[in-house]
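As a plain string of letters, each chain reads:
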Amino acid sequence: GDIWSGRGWQSAGASLTPTHRAGFCAFYGECGRNPEVNVSLLPSAVPCLSNSPAREGAGHAAGPAALRVPELLPGDGDNATARVCCSYSQLLALQASVGLSGTVLARCPACARNFANLYCHNICSPDQSLFTEVTRVTNYTATPGQEPLQAVLEYRLFYRRRFAEAAFQSCRGVRLPATGGFAIATMCGRYGAELCTAQRWLDFQGRQEQRAGAAADRLPAAARGRAARRRGARWIAPVVACDKRPALARQPCSCQDCALACPVLVTPSGPPPGCSVARASDSGPDLLSPERSRSAARGTTVPRPRGPCLLVAAAVAGGLSAGLVRLQLTTDPVELWSAPASRARQEKAFHDRHFGPFLRTNQVIVTAPGRPGSTYESVLLGTKNFSGVLAEDVLRALLELQDTLAATTAWAPRSGRNVTLSDVCYAPLNPAEPGLGDCAVTSVTQYFQNNGTRLAATAPQEDGDRRGTADWRDHLIYCVNSPLSFKDITALELSCMAEFGGPVFPYIALGGYAGEYTEAQALIVTYSLNNFPRGDPRLEWAQSWERRFLDVVRDFQRRHRHNLSVAFSAERSLEDEINRTSGEDIPVFAVSYLLVFAYIALALGEYTACRRLLVSPGVSLSPCVAVPVARAAFVPSIARKVVPFLVLAVGADNIFIFVQEFQVRGAAVGPGLSRTSPVSPVPRCPLSRARRVAGALSSMPAVRTFALTAALAIAFDFLLQMSGFVALVALDKTRISVVRIYPSRKHKIGVGGPTRGSYTPTWERTNYLAVGVPTYFVTTGGYNFSSANGTNAICSSAGCDTNSLTQTVQMATRFPNVSYLAIPANSWVDDFLDWLSPMTRCCRIHQEGDNKGQFCPATSGQCGLRGCRSCLKLPRRPTAEEFQRFLPWFLQDRPTLQLPSRTGTRTWDIGDTEGHWGPRASPTRFMAYQRPLRTSQEYTAALRAARALAERVTSKLRTVPGTDPDFEVFPYAVTYVYYEQYLTVVAEGLVTLSLCLVPTFAVSFLLLGMDVRSSLATLLTIAMVLLDTVGLMALWGVPYNAVALINLVAAVGISVEFVSHITCAFARSRQPTRVARAAEATVTMGSKVVAGVAMTNLPGVVVLAFAKARLIQIFFFRLNLIVTLVGLAHGLAFLPVLLSYPVPVPVVPTLSPTAQGTRTVCHCPRCPHRARPTSASGGGHDGGHSAGGGGGPGQPPLQGQ
């Protein structure tokens, strides 16, 4: 089987190559430039027709030796007399062009050898005529008057299929470290890596116009090479498999570049199923003490004199409130959700200290929903489908937006200056003095260098018999497959490199595509700005420009809303959102609290006429509730939204129940307080504070702040109720008795709020992203990169360890469902080794002149081939001294056509470019990309997988000789500080809420007279409330995180109110049976629980449904509504039934006579009452104290007992 290149070929007759036998050439020497090629990246001449015997290759030894093709000149001793079919000038051109391919292919020595073998034999083989047939020539006159020569424009080559397939297979897996893609994608034209075959690969190499990416720039001669079937000899040469050594001094290709070299991989199991909602069981019921003489005595004491008591309470409250003038809200998301001592915060601090804070990302995503796509017929690249958003008018609109942003300025008030994009942008190739063109802006328009003239350019295009016009679509098709190319293969002759000098990878600039990039549904523009620590004045510069960015993009969105959908966000957007939601929904919270106060005023009132409305104790006493609530409303961030509800639940119901008791019984203040003291905050205060202090043990700052604030709020709630409130009740009673009505002033409270926030929410933008955020694998100090063992344990090219850092990460990307990595890690070590390779001619040293011994850049015209030598004469690892000497040269070199790898940009991956690279080397980092992540479960699993991967790499690198025992590799991504909480939030929730159970049970056990049954019943009921709450959270889409945990902790306090009053009423009941006591407790106290607990929460909670912030809607409206309804149901239905069950083991009480007649005195510690009168025939307690379980003769049991 043969293989040939091209879709057809022009016949020119066999007379151009009449002789086909060994030792004869088809062409020789150079005959000027190809007249049919207008642009060539390398100056290359076409060969001259010469079907003559091969010439001696005197002086050719250096060239072929450098090309590493021993089959062409097999022995060093024969080099002087070997015969070849290429002149020395041809050899130099061949060496230069094939040397460029070494920049990419040198990673895999077998591929580089086969690729060079292919082209070297085509041009220089002494048996060239056996497999070459010239098909088209043109006249060439070098000197006027000289006999014209014939320049070869087209020839045909003949290969054995097994050779072509084997050569292709050795190269198809070679990667481009800078892109994470495959080198073959730049060497196969429109087919890319996935559709490339050996036939298509050779077709593309034989193009006259081929200048595509790495291979295109390495065309050995500017003549058209075609291969076709013919009778006669067909060329075949030995092919080295990618997992074999091409020479004794060379290494096999690495696993990253050759699948045959990889060990057998076992597909890892998928990630363990995450918890859908919190599985933390919470508790923390408040238990109430039985009525005792001490409580009665405590309750009968009313503060006297009342006026000074009120003044002292007001002075204390006012003095403490004075601190509000210095209130500072915590809006930094990192400070809210990540503890300073947490692992993620420590790793972030290490990364920021050595590499600077992660870049500030500002992004615009443009889509065109409903806009039809189109089909484009490219002369060179075939038929492609273009989505509706990839249209010229959309690209021009995007250019207009970028031009506006480039020209805009923003005022930084604290710095007192205008800020431009160049002041804050990330400029990797010119960080010292960046201009607007140096800013790293990734956009699809960067394939045209953000130049409207280039976008509009067209050129006549020919491909054999096909003719047409090339426009921006041809260039785009080419660039998305060859983003590193400096020239496309079309007649447009445009570069694909961005204006700032770096590549733009299509998976970053385009989104929402399933297969072809041209079918992308979204255009993504990303502005990367330098980030600075807080306190640095330059941080204000960046934030000011981002504010202007939001204004400009918002205006762009408004102007194009008729045909485009524009989503956008800035780095400051998250913090802006926190600030916005902190202020925008304040009116909603204000209305919520006002409704609660209005309900209390109306519900507690005794109205006989409208004119007595202001005399009502409900109206006059409702401000008492507002005092603790108003104080609680001024605490930081989320806590100020939760604490008022907690204070209302704990405080308002106590006031409600006391006032109702006071109204019904008409008692004095002291006795009224004594009768309601069991449900007062006195016994509950230590329980509530114990729960809040337990919550303060959490490592999450938001939870800890809330717990401490809630404990403080409840303490002040208790103090104000026991002092100021009691005094106010006494004064109010006196006021009502004399019917003195004082006029009150009207206060106007506005409920209008600001409009929608400062930016458009972009939660849906991840649907369009092809990759997620960068993930860095950071190495700490103490690793010896300069040793051969140290280098091999990091790199991924030939000769590197199979379990090196980069190869381990690369193998993890093969299982993105487990590792959550999409793009392998970029490696400055690999780029440095490729840069040092003598095949690339990137690292050169002046051999003569004033610059002798100094670095000679690849772009320098001062260094000829003989005036410079490669830094390394042979492909090998540098010594420690060479590593130290050449690394600074590598870091300061800039990417060019001859140097397409990322060189100078690697400065950002090395923590200290001036540091020592021995055993105490500076920290470095290696960047990979996550796959798009959309849920908190995926972000958490990605963090867990990255840490497991880093731990495996750490254990490997610590075995390298000379490595510090404390050396470590850790992963870092900008999202880790936010999602680390999910690794521990379930465990912390269990611990935090379980700690609440201990003091709750202990205090309830003591205050209920050591009644274990009642204490356990209370705990069980509250646990049931929390368990059902968590279940309903899952059904209603409330995720479990730190905010949910805050609300669950608050739910404990609210649940206590539903449970403790019923339990207390049950304990105080004098009914003969447990069923009767439960019924009486439900009847007498149930209404108060509904009116005083549930109804003080429900009106305010329902109003929160109208809040604009989703955080308020989900975590406050939904969750508080669930807690209130579930708590009410358990308090009025579940708890009475649980309390009504008889005690399984009867206890016989001890009877003793009293001075005032025969009374039954129960000394049982579980008895909720101490004495009650009985009939002459006696009578027992309930079923728990008497065998009959019923009342005495005069007390028939209730129905259903």
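That block above? That's the structure.
What you see is a predicted model; the values in this text were computed from it and never measured.

(A) View of the nonpolar core. Counting residues in each nonpolar core, the largest one holds 66 residues, and the members touching the most others are V364, V366, V444, Y447, L523 and F549. Those elements that place two or more of their residues in this core are β10 (360–367), α11 (392–407), α12 (421–424), α14 (472–481), β19 (522–529), α16 (537–559) and β20 (565–569). With residues near it in sequence (within four places) discarded, Y447 still touches H475, L476, C479, V480, S495, C496, V504, F505 and P506. Residues F597, I1022, Y1040 and V1123 belong to the second largest nonpolar core, which totals 53 residues.

(B) Layout of the pairing of strand β11 (residues 374–378). Note: β11 against strand β12 (residues 382–386), five bridges, orientation antiparallel. Bridge pairing in β12 links S378 to G382. Connecting β11 to the antiparallel partner β12 that follows it, the hairpin turn spans three residues.

(C) Region of the structure containing the packing of aromatic side chains. According to the stated counting rule, one finds 28 aromatic pairs in the structure shown. Centre to centre, the rings of Y507 and Y929 are 6.2 Å apart; their planes meet at 75°, and the pair counts as edge-to-face. With Y507 in helix α15 (residues 506–509) and Y929 in strand β26 (residues 924–930), this pair connects stretches of sequence that are 422 residues apart. Just as Y507 is buried, Y929 falls in that class too. Here the aromatic residues F832, W835, F855, F883, F886, W889 and F890 are joined through ring pairs into a cluster of three or more. Geometry around W541 places R417 over its ring, the cationic atom sitting 4.2 Å from the centre. A cation over a ring is seen here: R925 above Y776, with NZ or CZ 4.2 Å from the ring centre.

(D) Molecular detail of the packing of helix α4 (residues 161–171) against helix α5 (residues 198–205). Close contact between α4 and α5 brings their axes to 9 Å; oriented N to C, the two are set at 85°. The angle between α4 and α5 places the two elements in the roughly perpendicular class. Contact residues: α4 offers R161, A164, E165, A167 and F168, while α5 offers A198, Q199, W201 and L202. For the contact of α4 with α5, the per-class residue count stands at six nonpolar, one polar and two charged.

(E) Fine view of a nonpolar patch on the surface. A contiguous nonpolar patch, built from V312, V316 and L320 and spanning about 250 Å² of accessible area, is present on the exposed surface. Relative to the assigned elements, L320 resides in helix α8 (residues 306–321).

(F) Up close: the sheet that holds β26. Across the sheet, four strands lie side by side as β22-β26-β21-β27; this open sheet has antiparallel pairing. Of all strands in the sheet, those bounded by a partner on one side alone are β22 (821–823) and β27 (969–972). The mean angle between the axes of side-by-side strands here comes to 40°, regardless of whether they run parallel or antiparallel. In terms of strand pairing, β22 meets β26 through two bridges, oriented antiparallel. Residue pairing for β26: I823 is matched across the bridge by Y929.

Analysis parameters
- Residues numbered from 1 in each chain as written.
- Predicted model: local features only at pLDDT ≥ 70, side-chain atom pairs only at ≥ 80, totals over all residues.
- Heavy atoms only, no water.
- Core = buried A, V, L, I, M, F, W, Y, C linked by side-chain atoms within 4.5 Å.
- Buried < 20%, exposed > 50% of the residue type's maximum accessible area, 1.4 Å probe, protein only.
- Helix = DSSP H or I, 4+ residues; strand = E, 2+ residues; numbered from the N terminus.
- Contact = heavy atoms within 4.5 Å.
- Pairing = 2+ DSSP bridges.
- Phe/Tyr/Trp six-rings, centres within 6.5 Å; stacked < 30°, edge-to-face > 60°.
- Lys NZ or Arg CZ within 6 Å of the ring centre and 35° of its normal.
- Axes fitted to C-alpha atoms, helices over the stretch in contact; angles between N-to-C directions.
- Parallel < 35°, antiparallel > 145°, perpendicular 65-115°, else oblique.
- Nonpolar A, V, L, I, M, F, W, Y, C, P; charged D, E, K, R; others polar.
- Patch = residues over 30% accessible without salt bridge, like charges linked within 9 Å, V, L, I, M, F, W, Y side chains within 5 Å.
- Areas by Shrake-Rupley, 256 points an atom, 1.4 Å probe, with all protein chains shown as cover.
- Salt bridge = Lys/Arg side-chain N within 4 Å of Asp/Glu carboxyl O.

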